[in-house]
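Listed here are the chains, written in short residue letters.
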Amino acid sequence: YGRTYLEDFEHIKEQGRRRVRTINDISPVSRNEKTGTLLDVGCAYGPFLSAAHEEGYAVFGIDVSESAVRFVRSELGLSCFSTSLEDFDPIAIGDRETFDVVTLWYMAEHIEQLGPMLEKIYGFLNPGGVLALATPNGRGISGCTRWHDFLRSSPDDHYTIWTPGWTKGVLKK
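Residues numbered from 1 in each chain as written. Predicted model: local features only at pLDDT ≥ 70, side-chain atom pairs only at ≥ 80, totals over all residues. Heavy atoms only, no water.

**Section: helix α1 (residues 9-26)**
Here α1 contains 18 residues, and its C-alpha end-to-end distance of 26 Å stays within 8% of the 26 Å for a straight helix at 1.5 Å per residue. For α1, the complete set of buried residues consists of Phe 9, Lys 13, Gly 16, Arg 19, Val 20, Ile 23 and Asn 24. All buried residues of α1 project into a common sector of 140° when viewed along the axis, lining one side. Across from the buried face of α1, at angles greater than 90 degrees, the exposed residues are His 11, Asp 25 and Ile 26. (Helix = DSSP H or I, 4+ residues; strand = E, 2+ residues; numbered from the N terminus. Expected span 1.5 Å × (residues − 1). Buried < 20%, exposed > 50% of the residue type's maximum accessible area, 1.4 Å probe, protein only. Arc of directions from axis to C-beta.)

Here it is, written out as structure tokens:
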């Protein structure tokens, strides 16, 4: 796209506000309490965390990029930890073991061992909690019209190609 997270921060944050509204529409916690706890996996420089925080969530982020984590902590003043999902232990961030919402924005396709990681994420969710994610769509226009180009242009660290049908099956498990 030619822009960094920081250059595009406000645009990504606005997209985050829309995502928070969608989460609020389906989350029993946000409807009943108007707040909740949220873990953003792969939070980068925190535009979604910032949007969720402004909407009243107690937010926590994790990312493997130490510079991104430093930015989220120092510039945004939000809780963020430098760790991978595989190594993340919610107890390490305090008294918290579970969350009302767990988000993965364009991160799920980077998970090599998807089954065990989704089980781990499920363990992070409070009863009735929400898992929200976005990922490239293998049934989108690029995947449908130029499948081989789509696969060839996918980064090497994209371990899964998500489609609506496949996603439904995976998440149902």
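What follows picks up the thread again.
**Here's the deal with the sheet that holds strand β4 (residues 99-105)**
Pairing is parallel in the open sheet, where five strands are placed in the order β3-β2-β1-β4-β5. Edge positions in the sheet fall to β3 (79-82) and β5 (125-134), since each of these pairs with one other strand and no more. Sheet twist, expressed as the average angle between the axes of neighbouring strands with direction ignored, equals 20°. (Pairing = 2+ DSSP bridges. Axes fitted to C-alpha atoms, helices over the stretch in contact; angles between N-to-C directions.)

**Structural notes on the environment of Asp 89**
Note on placement: Asp 89 falls in the loop between β3 and β4. Taking the relative accessible area as the measure of exposure, Asp 89 reaches 39% and is therefore partly exposed. Taking C-alpha positions, Asp 89 is 9.5 Å from Phe 124, a pair spaced 35 residues apart along the chain.

**Some details on the pattern of salt bridges**
Across all of its chains, the model carries five salt bridges by this definition. Where Lys 13 meets Glu 54, a salt bridge forms, and the shortest distance between an N and an O atom there is 2.6 Å. Taken together, the positions of Lys 13 in helix α1 and Glu 54 in helix α3 (residues 47-54) put the pair 41 residues apart, joining distant regions of the chain. Note on Lys 13: relative accessible area 7%, which makes it buried. Glu 54 gets classed as partly exposed once you look at its relative accessible area, which sits at 48%. For Glu 14, the salt bridge goes to Arg 17, with nearest N and O atoms at 2.9 Å. Of this pair, Glu 14 and Arg 17 both sit in helix α1, three residues apart, roughly one helical turn. By relative accessible area, which is 31% here, Glu 14 ends up partly exposed. By sharing partners, the salt bridges in this structure join Lys 13, Glu 14, Arg 17, Arg 18 and Glu 54 into a single network. (Salt bridge = Lys/Arg side-chain N within 4 Å of Asp/Glu carboxyl O.)

**Quick notes on the confidence of the model for the protein**
When the pLDDT values of the protein are averaged, the result is 85; 88% of them are 70 or greater. Per-element confidence in the protein ranges from a low mean pLDDT of 62 for helix α2 (residues 28-33) to a high of 97 for helix α4 (residues 66-76). (pLDDT = per-residue confidence, 0-100.)

**Thoughts on the pairing of strand β1 (residues 36-41)**
Most of β1 sits inside the fold, with six of its six residues counted as buried. Residues Gly 36, Leu 38 and Asp 40 of β1 are buried on one face, and the alternating residues Thr 37, Leu 39 and Val 41, pointing to the opposite face, are buried as well. Both β1 and strand β2 (residues 57-63) contribute to a ladder of six bridges, which runs parallel. Bridge pairing in β2 links Leu 39 to Phe 60. Between β1 and its parallel partner β2, the chain crosses via α3, and the hand of that crossover is right-handed. Where β1 lies against β4, three bridges are found, and the strand directions are parallel. (Right-handed = clockwise from strand over helix to strand, strands pointing away.)

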